[in-house]
Amino acid sequence: MGAREDITRALLEGDRAARKGNPPTVCPYPRMDILRAAWIRGYAAARPVSEPDE
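As the structure is a prediction and not an experimental result, all values here were calculated from the model.

Novice: Could you clarify how one ought to interpret the environment of Arg41 in this entry?
Specialist: Mapped onto the fold, Arg41 is located in helix H2 (residues 34-46). Discounting chain neighbours no more than four positions away, the residues touching Arg41 are Ile7 and Leu11.

See below:
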């Protein structure tokens, strides 16, 4: 697989983890790995945003 496919896969894995309700600590990629950054971006994009109380 190429780098683009790996990054896309990591984004989708992060998205799935967030939608399942898993904590971000389940990321399978080590620190300083570009795939970790992609996984976290996917995770963050899928998390529901809470409205601030006014």
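Novice: Would you mind going over the pattern of salt bridges with me for this structure?
Specialist: Pairing is possible between side chains of opposite charge, provided their charged atoms come close. Following the criterion strictly, the structure yields 3 salt bridges and no others. The closest approach of N and O atoms between Arg9 and Asp6, which form a salt bridge, is 3.2 Å. With Arg9 and Asp6 both in helix H1 (residues 3-20), this residue pair falls 3 residues apart, about one helical turn. Here Arg9 ties to Glu13 by a salt bridge, and the two come within 3.3 Å at their closest N and O atoms.

Novice: Explain the nonpolar core to me, please; I cannot follow it from the model alone.
Specialist: Generally speaking, nonpolar side chains in soluble globular proteins are found buried as a group. Judged by nonpolar contacts, Ala10, Ala17, Ala18, Cys27, Tyr29, Leu35, Ala38, Trp39, Tyr43 and Ala46 together constitute the single largest core of 10 residues. Put simply, the parts of the chain that give this core at least two residues each are H1 and H2. Sort the elements by how many residues they give to this core and H2 lands first, with 5 residues. Setting aside anything within four residues of it in sequence, one finds Tyr43 in contact with Gly14, Asp15, Ala17, Ala18, Asn22, Pro23 and Pro24.

Novice: Could you clarify how one ought to interpret unusual backbone geometry in this entry?
Specialist: Outside of glycine, negative phi angles account for most residues, and trans bonds account for most peptide bonds. The backbone of Met32 shows a phi angle near 70°, a positive value even though the residue is not glycine. Considering the arrangement of structural elements, one finds Met32 in the loop between H1 and H2. Looking at Met32, the relative accessible area reads 81%, which means it is exposed.

Novice: Teacher, can you tell me more about the packing of aromatic side chains here?
Specialist: Here the distance between the centres and the angle between the planes together describe a pair of aromatic rings. Under the criterion given, the structure shown has 1 aromatic pair. With 5.4 Å between their ring centres and 15° between their planes, Trp39 and Tyr43 make a pair best called stacked. Taken together, the residues Trp39 and Tyr43, both in helix H2 and 4 residues apart, mark about one turn of the helix. Relative accessible area serves as the criterion here: at 2%, Trp39 is assigned to the buried category.

Cut-off values and rules
Residues numbered from 1 in each chain as written. Predicted model: local features only at pLDDT ≥ 70, side-chain atom pairs only at ≥ 80, totals over all residues. Heavy atoms only, no water. Helix = DSSP H or I, 4+ residues; strand = E, 2+ residues; numbered from the N terminus. Contact = heavy atoms within 4.5 Å. Salt bridge = Lys/Arg side-chain N within 4 Å of Asp/Glu carboxyl O. Core = buried A, V, L, I, M, F, W, Y, C linked by side-chain atoms within 4.5 Å. Buried < 20%, exposed > 50% of the residue type's maximum accessible area, 1.4 Å probe, protein only. Phe/Tyr/Trp six-rings, centres within 6.5 Å; stacked < 30°, edge-to-face > 60°.

None of this, on its own, says anything about what the molecule does.
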